[in-house]
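One letter stands for each residue in the lines below.
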Amino acid sequence: MSLGKNWDLTTRSYGPTRPFDGAQAPTIPDAFKMIAQTANSTANEFPQINPDVCIVNYYTNSGKLGLHQDKDESKSSINQGLPFISISIGDTAEFMFGDTRDKGKATKIDLESGDVLILGGESRLLFHGISHVKTNTTPTWLKEATGLRPGRINLTFRQY
Ligand SMILES: O=C(O)CCC(=O)C(=O)O
Ligand SMILES: [Fe+2]
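An unreviewed UniProt entry lists the protein under the name Fe2OG dioxygenase domain-containing protein, from Paspalum notatum var. saurae. We quote the UniProt Sequence similarities (unreviewed entry) comment for the protein here in full: "Belongs to the alkB family."

As annotated by UniProt and renumbered to match this structure, "domain: Fe2OG dioxygenase" (unreviewed entry) occupies residues 50–160. Regarding residues 50–160, the helix share stands at 11% and the strand share at 42%, and the terminal C-alpha atoms are separated by 9 Å.

A separate point is the coordination of the iron ion (ligand 2). Protein-derived ligands of the iron ion (ligand 2) are His68 (NE2), Asp70 (OD) and His128 (NE2), with the metal-ligand distances lying across 2.1 to 2.2 Å. Mapped onto the sequence, the donors of the iron ion (ligand 2) take the spacing H-x1-D-x57-H. Taken together, the residues span a long stretch of sequence, with His68 in strand E5 (residues 65–68) and His128 in strand E10 (residues 127–133) at a distance of 60 residues. Considered together, His68 and His128 belong to a single accessibility category, that of buried residues.

A separate point is the nonpolar core. Ranked by size, the top nonpolar core spans 12 residues in total: Leu3, Ile28, Ala36, Ile49, Cys54, Val56, Leu82, Ile85, Ile87, Ile118, Leu155 and Phe157. Elements with a contribution of two residues or more to this core: strand E4 (53–59), strand E6 (84–90) and strand E11 (152–158). Beyond its immediate sequence surroundings of up to four residues, Cys54 is in contact with Met1, Ser2, Leu3, Ile28, Leu155, Thr156 and Phe157. Formed by 10 residues, the second largest nonpolar core is a distinct cluster that contains Ala93, Leu111, Leu119 and Leu126.

Conventions we followed
Residues numbered from 1 in each chain as written. Chains lettered and ligands numbered in written order. Predicted model: local features only at pLDDT ≥ 70, side-chain atom pairs only at ≥ 80, totals over all residues. Heavy atoms only, no water. UniProt positions renumbered as here; feature names shortened; annotations may be inferred. Helix = DSSP H or I, 4+ residues; strand = E, 2+ residues; numbered from the N terminus. Donors = N, O, S within 2.8 Å, 3.2 Å for Na, K, Ca; no water. Buried < 20%, exposed > 50% of the residue type's maximum accessible area, 1.4 Å probe, protein only. Core = buried A, V, L, I, M, F, W, Y, C linked by side-chain atoms within 4.5 Å. Contact = heavy atoms within 4.5 Å.

Right under this line is the structure:
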């Protein structure tokens with residue numbers, strides 16, 4: 001699901017509406033933007049963004065995402081190395097990143113619930129992906145407080 005602008009996976013492009021039902025992408029709640037901007041200013045590595053896209057991905061326990069670069073934002077955004085800010089909720093995922101699409105050469109780190117990962121500047125075009133989601137790793141307090149189903153939610157904030 002996309003907030004702000006619609007992200008169409010088929011054409012790998014952004015637009016105002018969702019092709020499958022013509023609906024406008026819902027606006028990004030200010031509270032969401034604030035979390036992403038606060039994380040970015042706390043990291044203090046990259047320029048601040050005014051996010052106009054938030055892509056929300058849900059991974060089941062068998063969910064994966066192949067190594068890819070995020071390069072469908074505007075040339076200006078990419079050339080400036082404007083960061084994309086990723087927030088993980090729920091089950092832990094193994095995140096891979098590297099200079100090439102080669103999985104064997106990628107560095108792997110765990111992204112746990114609550115972790116924020118920011119790719120910006122020179123790291124903006126790193127190849128990255130999710131190799132697997134680790135079953136039953138959602139913090140107990142979060143499961144109890146929200147009834148979150150198994151799996152992982154990832155929010156990425158970008159400025160097109
Ligand atoms: O799920 C993640 O941590 C990464 C998501 C991602 O790479 C993307 O949405 O482009
Ligand atoms: Fe990505």
